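Take a look at the letters that make up each chain.
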Amino acid sequence: LDVVRAVEPRIAAAIGSEIEDQRASLKLIASENYASPAVLLAMGNWLSDKYAEGTPGRRFYAGCRNVDTVESLAAEHARELFGAEHAYVQPHSGIDANLVAFWAVLSQRVESPALRRAGVRNVNDLTEQDWAELRRELGNQRMLGMSLDAGGHLTHGFRPNISGKMFDQRSYGTDPATGLVDYDEVRRIALEFKPLILVAGYSAYPRLVNFRRMREIADEVGATLMVDMAHFAGLVAGKVLTGDFDPVAHAQIVTTTTHKSLRGPRGGMVLCTSELAEHVDRGCPLVLGGPLSHVMAAKAVAFAEARRPEFQVYARQVVDNAHALAEGLLRRGARLVTGGTDNHLVLADVSSYGLTGRQAEAALLDSGIVTNRNAVPQDPNGAWYTSGVRLGTPALTTRGLGTAELDEAADLIHTVLSATSAAGSSKAQYVLDEAVRDAVAKRAVDLLAGHP
Ligand code: PLP
C-alpha cells in the first residue's frame with residue numbers, strides 16, 4: 001500500500017479500510033467470497049498492460065504469446081473443471097457473459113439477412129436499413145426466464161437491462177404455496193409463448209433447479225436452454241450439483257461469473273457445446289474490446305484451485321453451512337422463503353420481525369453483519385425496500401467457519417432483528433437497541449477471531 005499511498009493516499013486509505021472491513025465483519029453476501037492470494041496476485045501485474053483482441057493464435061495485435069498461454073490455459077482448466085466442450089473466458093463480467101451468450105444463440109438460430117450480411121463480425125458494418133431490419137427481427141425474439149421476485153436476474157430479459165430491450169420477455173415464477181419452481185407451469189408457459197431461449201438460473205432462489213427437466217421443456221418447444229450459473233458455479237465445480245442438477249450436462253450454453261461461489265477474480269465466462277463455439281468466440285468485438293489478460297490469468301489460477309480435491313470439500317461445506325444457518329434461524333423463529341435451503345443461500349422474510357429488507361440490512365450492518373436486502377416472491381415492498389434479506393455462506397466458509405459457527409451467526413442475526421423496530425411508518429428508518437448492537441458486534445468479532 002505504500003506504493004499507492006505515495007501517489008494518492010486517499011485510495012491507499014480506502015483499500016486499507018476495505019481490508020479492515022472485510023476482516024472485521026461477518027460477510028454473508030451470497031454473491032461474495034474471498035479470492036486466494038494466488039488469484040489476487042495473478043491479477044495484479046503487467047499482463048494488465050497488454051492488448052490482445054481476438055482469440056489465442058488469432059490476434060489483432062502483435063506480441064500476444066503470453067496472453068495466448070494465459071487464455072488457452074484458462075479455457076482448458078474451465079473445460080476440464082466443468083466437463084464443457086468449449087469455454088470462452090474473455091467476458092469481463094456476468095452481464096457481458098450473458099450478452100455474449102444471447103447474441104450467440106441469436107446469431108446461430110435467427111435467420112437474419114442483416115446478421116448474415118454483417119457476418120456478425122462487425123456491427124459497425126450494418127447500414128441503417130440493416131439496423132431497422134435487425135430491430136424488427138430481434139423484437140420478435142422471445143425469452144423465457146425466472147421472474148425477478150422469484151430470484152431471477154435482471155439480465156434475464158428485464159426492462160432496465162439491454163436483454164429486456166432485445167427480447168420480448170415472459171417469466172415463470174415459483175409456486176406460491178411451496179416457493180418452488182413448478183416445472184409443469186414452466187412447460188405450460190413455454191408451450192404457449194414458444195421462446196427462442198429458455199433461461200434457467202437465479203440470484204436468490206434457495207433451492208436446486210432440475211436442469212434435465214428444463215432441457216426437456218426447451219426441447220419440446222424448440223428453445224435453446226441457457227443456464228446462468230453465476231451464483232452456484234462453485235457448487236458445480238465442487239461436484240455438489242451433479243446429475244439432473246449439473247447445468248453443463250444439460251444446457252447448450254451456460255454462463256457464469258467467476259467471483260462468487262467459484263472464488264475467482266471478478267469476471268465472466270461462457271461454456272457451450274461445440275456447435276455454438278464459433279458464435280460465442282465472437283464476443284470480441286461484438287460486445288467486448290481487448291480481453292483483461294490479467295483477469296484471465298487469475299481465472300486460470302482459480303480454476304486450477306477448483307480442480308483440487310480440497311475445493312470439493314469446500315463446496316460441500318458451503319452447503320452444510322447454509323443448512324446450519326437456515327436451521328439456526330428457523331429454530332429461533334425466523335421465516336425463510338421455501339422454509340430452508342439446498343444450496344449456498346438463505347432468503348429470510350424479515351416481515352415477521354416487522355421490518356423491511358432495507359431496515360434489516362442496515363441494522364445488521366450496524367452490528368457487524370454484512371448482508372443484502374432482497375425481494376421475496378410477490379413482495380409488497382417492491383425491489384427497493386423489499387421484505388427479505390439474502391444470506392450466503394461462500395465467504396465465511398472460505399474463512400474456515402463451520403456449522404457450529406453458522407448457528408452462532410443465526411443467533412446474532414435473530415438477536416439483532418428482534419431488537420430492531422421500524423421508526424413509525426417509515427420503510428427505511430429504524431430503531432436498534434444500542435446495547436444489543438454493541439454486544440452483537442463484539443460477538444461477531446470474537447466469532448471471526450479464530451479465522452483471520
Ligand atoms: N447473473 C447472475 C445470476 C447474477 O447473480 C449476477 C450478479 O449478481 C450477474 C449475472 C451479473 O454479474 P456481474 O455483476 O459480474 O455483471
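Conventions adopted
Residues numbered from 1 in each chain as written. Predicted model: local features only at pLDDT ≥ 70, side-chain atom pairs only at ≥ 80, totals over all residues. Helix = DSSP H or I, 4+ residues; strand = E, 2+ residues; numbered from the N terminus. Rg over C-alpha atoms; globule rule 2.2 N^0.38 Å. UniProt positions renumbered as here; feature names shortened; annotations may be inferred. Buried ≥ 20, exposed ≤ 12 C-beta atoms within 10 Å, placed from the backbone. Pairing = 2+ DSSP bridges. Right-handed = clockwise from strand over helix to strand, strands pointing away. Contact = placed C-beta atoms within 7 Å. Expected span 1.5 Å × (residues − 1). Core = buried A, V, L, I, M, F, W, Y, C linked by C-beta atoms within 7 Å. Axes fitted to C-alpha atoms, helices over the stretch in contact; angles between N-to-C directions. Parallel < 35°, antiparallel > 145°, perpendicular 65-115°, else oblique. Left-handed = near helix turned anticlockwise from the far one by under 90°. Nonpolar A, V, L, I, M, F, W, Y, C, P; charged D, E, K, R; others polar. Near = placed C-beta within 6 Å.

A word on the overall build of the chain
Looking only at helices and strands, the chain has 21 helices and 16 strands in total. The C-alpha radius of gyration of the chain comes to 23 Å, within 12% of the 22 Å expected for a compact globule of 452 residues. With the principal axes as the frame, the chain shows a C-alpha extent of 70 × 55 × 40 Å.

Some words on the UniProt feature "domain: Serine hydroxymethyltransferase-like" (unreviewed entry) in the chain
Within this structure's numbering, the places UniProt gives as "domain: Serine hydroxymethyltransferase-like" (unreviewed entry) are residues 6–108 and 141–413. In residues 6–108, helix accounts for 56% and strand for 9%; the two terminal C-alpha atoms are 52 Å from one another. Counted over residues 141–413, helix gives 42% and strand 16%. Its end C-alpha atoms are 44 Å apart.

So, the pairing of strand β8 (residues 224–228)
Counting buried positions over the five residues of β8 gives five, a clear majority of the element. Going residue by residue along β8, you find T224, M226 and D228 tucked away on one face and L225 and V227 tucked away on the opposite face as well. Relative to β8, strand β7 (residues 197–201) runs parallel, the two being bridged by five bridges. Note on β8: the bridge partner recorded for I197 is T224. Crossover β7 to β8 through helix α10 (residues 211–221) is right-handed.

Quick notes on the UniProt feature "site: Plays an important role in substrate specificity" (unreviewed entry) in the chain
UniProt's feature table lists "site: Plays an important role in substrate specificity" (unreviewed entry) at H259, given in the numbering used throughout. Mapping H259 onto the fold places it in the loop between β9 (253–257) and β10 (268–272). Look past the residues within four positions of H259 in its chain and what remains in contact with it is N33, G264, P265, R266 and G267.

Notes on helix α16 (residues 309–331)
Under the 1.5 Å per step criterion, the end-to-end length of α16 is 33 Å for 23 residues, consistent within 8% with the ideal 33 Å. Note on α16: the residue one or two positions beyond its end, G333, has a positive phi of about 105 degrees.

Some details on the nonpolar core
A78, L198, I253, V270, L271, L325 and V346 are the most contacted members of the largest nonpolar core, which totals 128 residues. The residues contacting A78, other than those within four sequence positions of it, are A84, A87, V89, M269, L271 and F303.

Considering the pairing of β7
Across the five residues of β7, five count as buried, placing the element largely inside the fold. Here β7 shows no split at all, with I197, V199 and G201 on one side and L198 and A200 on the other all buried. Summarising the sheet, strand β5 (residues 142–146) and β7 pair through two bridges and their orientation is parallel. The residue of β7 that forms the bridge with L144 is L198.

Side note on the environment of E405
Relative to the helices and strands, E405 is located in helix α20 (residues 403–418). Owing to 21 C-beta atoms within 10 Å, E405 belongs among the buried residues under this scheme. Along the chain, E405 and M269 lie 136 residues apart, while their C-alpha atoms are 33 Å from each other.

Some details on the environment of R307
Locating R307 in the fold gives a position in the loop between α15 (293–306) and α16. Given 14 C-beta atoms within 10 Å, R307 falls into the partly exposed group. In this view, R307 contacts H77, E80 and L81; residues no more than four positions away in its chain are not counted.

Digging into the packing of α20 against helix α21 (residues 434–449)
Between two packed helices, what matters for the description is the angle formed by their axes and the separation of those axes. The N-to-C vectors of α20 and α21 enclose an angle of 165 degrees; their axes lie 10 Å apart at closest approach. The angle between α20 and α21 falls in the class roughly antiparallel. Considering how the two elements wind past one another, α20 and α21 form a crossing that is left-handed. Of the residues in α21, those in contact with E405, E408, A409, L412, T415 and V416 of α20 are V436, V440, R443, A444 and L447. Counted by class, the contact of α20 with α21 contains seven nonpolar, one polar and three charged residues.

Comments concerning the site of the ligand
Taken together, 13 residues lie near the ligand, and S93, G94, I95, S203 and A230 sit nearest. Its residues placed into classes, the shell around the ligand shows two nonpolar, ten polar and one charged.

Some details on the sheet that holds β7
Ordered by their spatial adjacency, seven strands build an open sheet running β4-β10-β9-β8-β7-β5-β6, and the pairing between neighbours is mixed. This sheet does not close on itself; its edge strands, each paired only once, are β4 (86–88) and β6 (168–172). Neighbouring strand axes in the sheet, compared pairwise and without regard to direction, differ in orientation by 20 degrees on average. Where β8 and β9 come together, three bridges link them in parallel fashion. The residue of β9 that forms the bridge with V227 is V254. The sheet contacts of helix α5 (residues 94–109) involve β4, β7, β8, β9 and β10, and relative to β9 the element is tilted by about 165 degrees.

Digging into the sheet that holds strand β14 (residues 388–392)
Pairing is antiparallel in the open sheet, where three strands are placed in the order β11-β14-β13. Strand pairing shows two members of the sheet lacking a second neighbour, β11 (345–349) and β13 (372–374), which therefore form its edges. On average, adjacent strands in this sheet sit at an angle of 35 degrees to one another, irrespective of strand direction. Relative to β14, β13 is paired through three bridges, and the arrangement is antiparallel. In the sheet register, R373 faces β14, and the bridge partner there is V389. With respect to the sheet, α16 is in contact with β11 and β14, its orientation differing from that of β11 by roughly 20 degrees. Where helix α17 (residues 357–366) meets the sheet, its contacts fall on β13 and β14, and the angle it forms with β13 comes to roughly 165 degrees.

Some words on the environment of A326
Along the chain, the position of A326 falls in helix α16. Sequence separation between A326 and V287 is 39 residues, and the spatial gap between their C-alpha atoms is 40 Å. Every residue in contact with A326, bar those within four places of it in the chain, is listed here: L336, G340, T341 and V346.

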